[in-house]
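# A look at the structure
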Amino acid sequence: MIKLYAIKDKASSTTQAPFPVQCDRDAVDGFKALVNDNKTSIGKHPEDFELYHLGEYNPRLMAFSLNNDPKFIISAQELKQ
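Residues numbered from 1 in each chain as written. Predicted model: local features only at pLDDT ≥ 70, side-chain atom pairs only at ≥ 80, totals over all residues. Heavy atoms only, no water.

## Digging into the packing of aromatic side chains
Which entries qualify depends on this criterion: Aromatic contacts are taken between Phe, Tyr and Trp rings whose centres are within 6.5 Å, Trp giving its six-membered ring; a plane angle under 30 degrees counts as stacked, one over 60 as edge-to-face, and the others as tilted. Exposure classes here rest on a 1.4 Å probe applied to the protein chains alone. A residue is buried below 20% of its type maximum, exposed above 50%, and partly exposed in between.
According to the stated counting rule, one finds three aromatic pairs in the structure shown. Between Tyr57 and Phe64, the aromatic rings sit 4.9 Å apart at their centres with planes inclined by 45 degrees, giving tilted as the arrangement. For Phe64, a relative accessible area of 57% translates into the label exposed.

Quick look at the structure:
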């Protein structure tokens, strides 16, 4: 199963396109890299961004299983170093 995540921009009430990774740790690690890069909008305004788990994709069945409600994982502010 491949997990699907999205980054929510609270300031604009939008989300970036969903992205696939193998596990929560990989998603958090990628998000953390963006948070701590001051060249990105996430790095410049960490108070505005949060990471959510949206569901899973089964490549064998070519089927999605989405959460009824996105699951909050972590805020950018929690990862800012």
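## A few points about the pattern of salt bridges
Between side chains of opposite charge, a pair can form as their charged atoms come close. As a reminder of what qualifies: Salt bridge, as used here: a side-chain nitrogen of Lys or Arg that lies within 4 Å of a carboxyl oxygen of Asp or Glu. Secondary structure elements follow DSSP: runs of H or I of four or more residues count as helices, runs of E of two or more count as strands, with numbering from the N terminus.
Inspection of every chain in the model, using the stated rule, returns two salt bridges. Note that Arg25 is salt-bridged to Asp29, the shortest N-O span being 3.7 Å. Here the residue Arg25 and the residue Asp29 both occupy positions in helix H1 (residues 24-35), the gap between them amounting to four residues, near one helical turn. For Asp29, a relative accessible area of 41% gives the class partly exposed.

## What about the environment of His53?
Here is the rule we go by: Note on definitions: a residue-residue contact is assigned when non-hydrogen atoms from the two residues lie within 4.5 Å.
Positionally, His53 belongs in strand S4 (residues 49-58). Placed 40 residues apart in sequence, His53 and Ser13 show a C-alpha to C-alpha distance of 17 Å. When sequence neighbours within four positions are dropped, the list of residues in contact with His53 reads Lys3, Leu4, Tyr5, Asn67, Pro70, Lys71 and Ile73.

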